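Descriptive structure summary
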Amino acid sequence: MTLAIGSNLRVVAETLPGTQPLTRNGDIAAQMVAGIDRFLLGEIEASILERAKHWEWDFSSPELHQQAIAANQARLAHRLGVREPRIPFDAPSLLATTETSALVAQGAGYDVFAVRWPVLKSMHGEGLLLVPVDRKIVADIIALPDADQTPEQIAGLADGLPAESQFARRLAESGCRVIIPTLVSRDMARRGGRANLSNREYVYRSSFVQGRHVIGYEIQKVLACVDWFARGQDDAEIGVIGYGEGGMLALYSGALDNRIERVCISGYVAPRERIWQEPISRNVFGRLERYGDAELLSMIWPRPCVIEQSAHPTVTLPGEGGAPGQITTPTDEEVRREIARAACTDHLIVGPVDGDQVNHPCGQMLASFLPAGAKLVTVDSAVKVVRMIDAAARQQRQMEEMDAYDQTLIRANDFRRKDFLKDLKTSSVDAYEESVEKYREIFYDDVIGRFDRPLLPFNSQSRKTWEEAKWIGYEVTLDVFPDVFAYGVLMLPKDLQPGEQRPVIVCQHGLEGRPTDLFDGKKAAYDNFAATLCEQGYIVFAPQNPYIHQDQFRTLQRKSNALGKTLFSTIVPQHQQIVNWLKAQPNVDPQRIAFYGLSYGGKSAMRIPALVPDYCLSICSGDFNDWVLKTATTQHKFSYVWAGEYEIYEFDLGGTFNYAEMAALICPRPFMVERGHFDGCGDDEWIAYEFAKVRNLYQAKLHLTDRAEIEWFIGGHEIHSQGTFAFLNKHLNWPQSLP
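Worth saying up front: this structure is predicted, and the values here are computed from it rather than measured. For every chain, the first residue of the written sequence is number 1, and numbering continues from 1 along that sequence. Side-chain atom pairs in this predicted model are given and counted only at pLDDT of 80 or more, local residue features only at pLDDT of at least 70, and totals for whole chains, interfaces and linings cover all residues. Excluding hydrogens and water, the side-chain values take into account all heavy atoms of the structure.

Considerations on the overall build of the protein
Looking only at helices and strands, the protein features 21 helices and 27 strands. When we talk radius of gyration, it's over C-alpha atoms, and the globule rule is simply 2.2 Å times the number of residues to the 0.38. Scaling as 2.2 N^0.38, a compact globule of 739 residues should have a C-alpha radius of gyration of about 27 Å, and the protein matches this with 29 Å. Overall size of the protein, expressed as C-alpha extent along the three principal axes, is 105 × 50 × 45 Å. Relative accessible area decides the class of each residue, using a 1.4 Å probe on protein chains only: under 20% of the type maximum gives buried, over 50% gives exposed, and in between gives partly exposed. Counting every position in the protein, which comprises 739 residues, the buried fraction comes to 62%. The contacts in the protein between residues at least 6 apart in sequence include a share of 75% that link residues at least 24 apart. With the model as given, the accessible surface of the protein reaches about 26900 Å², and the carbon-plus-sulfur share is 52%. His is not counted, nor are the chain ends; Lys and Arg add positive charge and Asp and Glu add negative charge. Note that the charge is assigned to NZ on lysines, CZ on arginines, CG on aspartates and CD on glutamates. Here the protein contributes 76 positively and 95 negatively charged side chains, and the mean placements of these two sets differ by 2 Å. In DSSP terms, a helix is any run of H or I states spanning at least four residues, a strand is any run of E spanning at least two, and both are numbered starting from the N terminus. Whether two residues are in contact is decided by their heavy atoms, any of which lying within 4.5 Å being enough. The protein chains shown are the only cover counted for residues, whose accessible areas, like all others here, come from Shrake-Rupley with a 1.4 Å probe.

Put into structure tokens, the structure is as follows:
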């Protein structure tokens, strides 16, 4: 077959020069997602041995051990969101009214009170306090139920647990003063009438993007109790004990605070390499980089730590807009292997192990948990209930306080980000470009997450798949990492002259999209923009990004997060490889490669060019926003808190990189926003608010008066193709100006 190209006749090749024939068939996008999945699972497995690089243990003395773990302790607190100083208090407040007493029950030698205590501004802990009567306190204990248990259940005031597992009651009967915080539950509800989320995921969403965590807030409630106990006049030891989610909090709290003198963890310790399958509220960014359960157990040394191998809570959360998740009981062998990995085990007390762990109830190791000289009472005594607490109202108060705290952070984060960016120099463009590199590294390493491995050789493969009147389309694959490849469509204008170099526009689809959506005319939102640009003479490359196939790709984010990475930790290297390959093509001008994306492609337009400086400009369509507000607010209808994209959350953007700060990483390269007035991704005033910061940087500070633009148009979530095309033509110098 011959085609006229310029004034010459030539045969149209079935493959691009320098490439091998592409022989993949079927759904290549699905194959790409599956390959990334294999890569991430391999990285998770490799993390077990890699963790050792981050630790220099010293068990020669408690003081030297503390010095050795201090940096990792601080890092763990940061990742858990344990950041603000707690509010000091003399004692918890008794919750009573003119009609009800704070006394809610009486047991064998102790009274039970409803209490509340300050933790952070506008946030309190709330639960029960069990106080021995007329006898010496043998220990001060924070007892933590599972998330689906109430304080009343582990105190024996309410049904639901066997007597053996009412560990708070049993400790109080044995002479301990016990405080029981209420945890946020896993109860499910439709949020904003949309996504069906557990209470814990609901709090997690707003917190995570702001560098906080539902886990961190609950740890703060535990440590506030430790603060109170530590200020006391008695010499009672301070201990923390918990089951299920409470066991998780006991482990984290013991690792963070050496004032906790003994720890008991029940129904939690396990290998964490499958944390991505657990409820997303357990997702701690970078957990597997440094902290398996074994490493956390070693941080508790030399304080005694009891590991009770009871059955874990059985939990299955549906994927109905929220993240699917489950908790199951690991085998005795799995737990044994994890404990054996601990750098030191001489402080650990483990049991029971008899091959029937699934049937083990919580509460069998209480005698081992008590301080020396204390005796566990083994006779169960009746508890006289004076009045019942409204547990549902208390649960709602706990959630509302956490949410209110998160909402106050949203605006405070504006000041945090300004302080974060204080080292940017704007005296000149050259000074700016030099100073911004520090922030680019922070964005890549700490926010997006960088896989520190070299790109593979291209191993480029192609095949001619489309032919239209003015262009030819080739499918292309490029190797990136082991099991990871990039895939897309290269669209070449038929009027390309031999040796001629033209600008390239990388056109990026949105959520659940395909490269064909951009040029086959079937998806109105894209306005066929890739085909139109190619018909105007541009070379176009339309990559397949991995945000496709719903939970199949969303679990990639879960797996990535466990490693301190994100979806874009893989997508950015894919694009770097694409750009590297494009720059090597004979008809490409390597200085004129632009990026233009809609929706999730607009998210890509904020993150990828920020980290791939080879892109000479970026256009964000249908996505630009006050991104932290959009992902954290529970006050606006456009919030992602109500949506099904549970993978959308990136850790601590609130204090580091909102969209204005991401645009600052693109600066001084041209940057444009395309905004439809009726696009439901946000409200005009918030898009304008965030873009004003970008315009101020470009125009007011750096005097780059024509490089930052926004086009408002009457329309929705769609490519408009007017101002953006003019922006491309201007900054890519196309059609080519005459000399």
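Having seen the model, we can carry on.
A look at the state of the cysteines
The definition used for a disulfide is geometric: two cysteine sulfur atoms within 2.5 Å. Counted according to the given criterion, the structure contains zero disulfides. Note on Cys305: no disulfide assigned, nearest cysteine sulfur contributed by Cys264 at a separation of 7.7 Å. Since its relative accessible area comes to 0%, Cys305 is described here as buried. Its sulfur unpaired, Cys616 is 13 Å from the next cysteine sulfur, which belongs to Cys507. Assessed through its relative accessible area of 17%, Cys616 is described here as buried.

A word on helix α5 (residues 199–208)
For α5, the tally of buried residues reaches 10 of 10 residues, placing the bulk of the element in the interior. When α5 is considered as a whole, its buried residues turn out to be Asn199, Arg200, Glu201, Tyr202, Val203, Tyr204, Arg205, Ser206, Ser207 and Phe208. Considering only its buried residues, α5 is in contact with β11 (196–198), α6 (214–230), α7 (245–256), α12 (391–420), α15 (551–562) and α18 (627–632).

A word on the nonpolar core
Only buried residues count toward a nonpolar core, which is a set of Ala, Val, Leu, Ile, Met, Phe, Trp, Tyr and Cys residues joined through side-chain atoms within 4.5 Å. Ranked by internal contacts, the top residues of the largest apolar core, which has 167 residues, are Ile142, Tyr252, Phe624 and Phe671. A total of 11 residues in this core trace back to one element, the largest contributor, which is α6. Each residue touching Tyr252, except ones within four places of it in the same chain, is listed here: Leu76, Leu80, Ile215, Ile219, Tyr268, Val284, Arg287 and Leu296. Ranked by size, the runner-up nonpolar core spans 33 residues in total, among them Val112, Cys362, Met365 and Leu370.

Section: the packing of aromatic side chains
A pair of aromatic rings is counted whenever rings of Phe, Tyr or Trp (Trp by its six-membered ring) have centres within 6.5 Å, and the orientation is called stacked for planes under 30 degrees apart, edge-to-face for over 60 and tilted otherwise. What the rule picks out here adds up to 30 aromatic pairs. Considering the side-chain rings of Tyr217 and Tyr405, the 5.7 Å spacing of their centres and the 80° angle between planes classify their relative orientation as edge-to-face. On the criterion of sequence distance, the pair formed by Tyr217 in helix α6 and Tyr405 in helix α12 is long-range, its members being 188 residues apart. For the residue pair Tyr217 and Tyr405, the accessibility class agrees, reading buried in each case.

Structural notes on the sheet that holds strand β24 (residues 588–598)
At least two DSSP bridges between two strands are required for those strands to pair. Read from one edge of the open sheet, 10 strands run β3-β19-β20-β21-β23-β22-β24-β25-β26-β27, paired in mixed fashion. Each having just a single partner strand, β3 (20–21) and β27 (708–713) make up the two edges of the open sheet. One ladder, built from three bridges, connects strand β22 (residues 502–508) with strand β23 (residues 539–544); its direction is parallel. Across the sheet, the residue bridging to Val504 is Ile539, located in β23.

Re the packing of helix α2 (residues 62–80) against helix α9 (residues 293–300)
Running from N to C, α2 and α9 point in directions that differ by 130°, and their axes come no closer than 10 Å. Relative to α9, the element α2 is oriented oblique. The chirality of how α2 crosses α9 is left-handed. Residues His65, Ile69, Asn72, Gln73 and Leu76 of α2 form the contact with α9, whose participating residues are Leu296, Ser298 and Met299. Amino acids are sorted into nonpolar (Ala, Val, Leu, Ile, Met, Phe, Trp, Tyr, Cys and Pro), charged (Asp, Glu, Lys and Arg) and polar (every other residue, Gly among them). Across the contact of α2 with α9, the residue classes tally to four nonpolar, four polar and no charged. Axes here refer to lines fitted to C-alpha atoms; in helices the fit is confined to the stretch in contact. Angles between the N-to-C directions go from 0 to 180 degrees. Note on terminology: angles under 35 degrees are roughly parallel, angles over 145 are roughly antiparallel, angles of 65 to 115 are roughly perpendicular, and the others are oblique. Crossings are sorted by hand: turned counterclockwise from the far helix by less than a right angle, the near helix makes the crossing left-handed, and turned clockwise it makes it right-handed.

With respect to unusual backbone geometry
In this structure, Pro668 follows Cys667 across a cis peptide bond, with omega equal to 10°. Along the chain, Pro668 turns up in the loop between α19 (659–666) and β26 (671–676). A cis geometry characterises the amide bond from Trp734 onward to Pro735, with omega recorded as 0°. One non-glycine residue, Ser122, adopts positive backbone phi at about 70°. Examined against the element boundaries, Ser122 turns out to sit in the loop between β6 (110–120) and β7 (123–132). Not every positive phi belongs to a glycine, and Asn528 is a case in point at roughly 55°. Examined against the element boundaries, Asn528 turns out to sit in the loop between β22 and α14 (529–535). Judged by relative accessible area, Asn528 falls into the partly exposed class, the value being 24%.

A look at helix α16 (residues 567–583)
Under the 1.5 Å per step criterion, the end-to-end length of α16 is 25 Å for 17 residues, consistent within 8% with the ideal 24 Å. Of all the 17 residues making up α16, 15 are buried; the element is thus mostly covered by neighbouring parts of the structure. Under the convention used throughout, the expected extent of a helix is 1.5 Å for every residue step, that is, one less than its residue count.

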